[in-house]
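If you want the building blocks of each chain, they are given just below.
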Amino acid sequence: MNPGYAPRYGIGFASLLDEVSNLPLSVTGILPPGLVGTMYRIGPGRFQIGGHAVGHWLDGFALLSSVAFGSRGVTCSNRFLASSWYRWALMEDTVPAGGFDSQPVHRHSHFSDDNANMSITHWRNELEALGDTPQSILIDPTTLATIRTKRRGHLNRCCACSPHPVFDQFTGERFDLSLCNGDPPGYVITVTSPAGRTRRLCAVPSPRLGYMHSFSVTPRWVVIVEGPFTAYPRSLSSSRHPYLRNYVWDAGRGSRILVVDRRTGALKATLSTRPLFALHHINAWDDGNQIIVDLAAYADPSILDSLAFDHGEVPAGNFPAPLATRLVIDLEHKRVLCSPLRCPPGEFCTIDARFSMRPHTILFAAGPTRTGEPIDRLCRSDVTTGRFIEWSSDNCFPGAPIFVPTTADSPEGEGWLLTIVLDVLAKRSFALILDAATMTEQARAWLPCALPFGLHALFVPEEATT
Ligand SMILES: [Fe+2]
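Residues numbered from 1 in each chain as written. Predicted model: local features only at pLDDT ≥ 70, side-chain atom pairs only at ≥ 80, totals over all residues.

1. Examining the overall build of the protein
Now for step 1: Tallying secondary structure elements over the protein gives 3 helices and 37 strands in all.
Now for step 2: Taking 466 residues into account, the globule formula puts the C-alpha radius of gyration at 23 Å, and the protein, at 21 Å, falls close to it.
Now for step 3: Based on the C-alpha atoms only, the size of the protein along its principal axes is roughly 55 × 55 × 45 Å.
Now for step 4: Every one of the 466 residues in the protein was classed for burial, and the buried ones make up 48%.
Now for step 5: Within the protein, counting contacts between residues at least 6 apart in sequence, those at least 24 apart form 57% of the total. (Helix = DSSP H or I, 4+ residues; strand = E, 2+ residues; numbered from the N terminus. Rg over C-alpha atoms; globule rule 2.2 N^0.38 Å. Buried ≥ 20, exposed ≤ 12 C-beta atoms within 10 Å, placed from the backbone. Contact = placed C-beta atoms within 7 Å.)

Given below as structure tokens:
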């Protein structure tokens, strides 16, 4: 990148220092009266402290934002997570090096990193922020205050975790995937009951560990897709390199598909398919002796390199976008078919959650209009026909979409699509409400500032918190 060049979306990678609480928002358009609840979004929000800058977007300090919709209008709050990682940085007036991909100045390990800036969940009335380390953070859903850091699972030698636990809407269970580096090294899956009791389902030994951002659970199986982006287990907690730099892409290894019996914890099958790099699984279900897994697949892990800060300069692209891809895992014939779904490239794919663990038709995603550009549109695709409709607006960069059904029994994909959008010309963000069936705009609730680009989001209906 040319020195001094600032891409027009650069404000999306800039620190936001102001915290606000229950600030009323101005609304343009008509808010759906049935939309009552709170949208939460998490992501990196601060990138410099004491004249020092983080080396990678994913090392930005976790910022939680909320937009609450109710009978008295719309309000917003945003607050930094008071992780030990962030508190140390404020006390020392510098950024901890190490982390995800920042070079050593004052070295910390990824292992001690509780900068949970990647994902957010709401389960058993707990709001939880997660990164890819064993520490997550519990948050007060009203004030966004940090309650405490939580160590996920009861695991020894755990060096990384998926930031995306899987929740079974039928049984109420939660599944977590961890990477462990001892006796023997491998993948550990834990299951937590609706009452909060956690048990180890299985430990699958593996001499190398794949970069695991998410995984799938069906009514019968747990499916781990290990792309050829792997690290030696011991290096993940003892290496002198930042976390990401322990992983090596070797396309010649192909991808391994590990299928675990959800009832017994036994490893049912280890199959292989072409090399792919996936951050996000989308949905999975059983079909006789086949397992269908949809995930967002990149050709390689270069998306992670594209988000590095180049000597303090914001990422200038090229940003690859993944293709929603279907794996048909045939347990009887021990083979895997891998083919793209009929929809435009995009990240943060989401379905109508009522179709989790069963076949879905509608897929929502955020993607780029032009290859290599940042995300600038939202798409609704019918993956059976390939027909898609989109929303976009000049100078606007939407984040991860969230689907909220109109009613509990409304047809698939009928409801609202919510996200936070950054308008780089107005230098402000807004909460966008679309009619999810038509992708037509219903309303914008304008925030007082430009929120940095975020990662995942969540909507908690009011009845879930009362
Ligand atoms: Fe994620």
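So, next bit.
2. Here we look at the sheet that holds strand E23 (residues 267–273)
Now for step 1: With respect to topology, 4 strands assemble into an open sheet ordered E18-E19-E22-E23, the strand pairing being antiparallel. The open sheet terminates on both sides in strands that have one partner only, identified here as strand E18 (216–217) and E23.
Now for step 2: For strand E19 (residues 221–226) and strand E22 (residues 255–261), the ladder comprises 6 bridges, and the chain directions are antiparallel. Counted as the bridge partner of valine 225 is isoleucine 257 from E22. (Pairing = 2+ DSSP bridges.)

3. Topic: the sheet that holds strand E28 (residues 347–350)
Now for step 1: Read from one edge of the open sheet, 4 strands run E28-E29-E30-E31, paired in antiparallel fashion. At either end of the open sheet lies a strand with only one pairing partner, and these are E28 and strand E31 (388–391). Across the sheet, the mean angle separating the axes of adjacent strands is 20° when strand polarity is ignored.
Now for step 2: Pairing of strand E29 (residues 362–367) with strand E30 (residues 377–382) involves 6 bridges; the strand directions are antiparallel. Looking across to E30, one finds that isoleucine 362 is bridged to aspartate 382. (Axes fitted to C-alpha atoms, helices over the stretch in contact; angles between N-to-C directions.)

4. Structural notes on the pairing of E23
Now for step 1: Strand direction decides the pairing type here: E22 and E23, joined by 6 bridges, are antiparallel. By the bridge assignment, leucine 258 is partnered in E23 with threonine 270.
Now for step 2: Between E22 and E23, which pair antiparallel one after the other, the connecting turn spans 5 residues, and glycine 265 there sits at a positive phi close to 80°.

5. A word on the UniProt feature "binding site: Fe cation" (unreviewed entry) in the protein
Now for step 1: The UniProt record annotates "binding site: Fe cation" (unreviewed entry) at His164, His213, His280 and His456. Considering the C-alpha atoms alone, the annotated residues occupy 293 residues of sequence yet fold into one spot, their largest mutual distance being 12.7 Å.
Now for step 2: By the secondary structure assignment, histidine 213 is in the loop between strand E17 (209–210) and E18.
Now for step 3: On the basis of neighbour counts, which here come to 18 C-beta atoms within 10 Å, the residue histidine 213 falls in the partly exposed class. (UniProt positions renumbered as here; feature names shortened; annotations may be inferred.)

6. Side note on the pairing of strand E14 (residues 174–180)
Now for step 1: Burial runs high along E14: 7 of the 7 residues are buried.
Now for step 2: Where strand E12 (residues 158–161) meets E14, 3 bridges bridge the pair, whose relative direction is antiparallel. Its bridge partner being in E14, cysteine 158 is matched across the sheet by cysteine 180.
Now for step 3: Summarising the sheet, strand E13 (residues 166–167) and E14 pair through 2 bridges and their orientation is antiparallel. When the sheet's bridge partners are listed, valine 166 is paired in E14 with phenylalanine 175.

7. Remarks on the environment of leucine 434
Now for step 1: Structurally, leucine 434 can be placed in strand E35 (residues 428–435).
Now for step 2: Along the chain, leucine 434 and cysteine 338 lie 96 residues apart, while their C-alpha atoms are 32 Å from each other.
Now for step 3: In this view, leucine 434 contacts Trp391, Trp416, Leu417, Met439, Thr440, Glu441 and Gln442; residues no more than four positions away in its chain are not counted.

8. Focus on the nonpolar core
Now for step 1: Counting residues in hydrophobic clusters, the biggest one holds 127 residues, and the most contacted among them are Ala129 and Val223.
Now for step 2: Element by element, the count of residues in this core is highest for strand E6 (residues 61–70), at 7 residues.
Now for step 3: Residue contacts for alanine 129: discarding those within four places in its chain leaves Ile42, Ala62, Leu64, Leu81, Ala116, Ile120, Ser136, Ile137 and Ile139. (Core = buried A, V, L, I, M, F, W, Y, C linked by C-beta atoms within 7 Å.)

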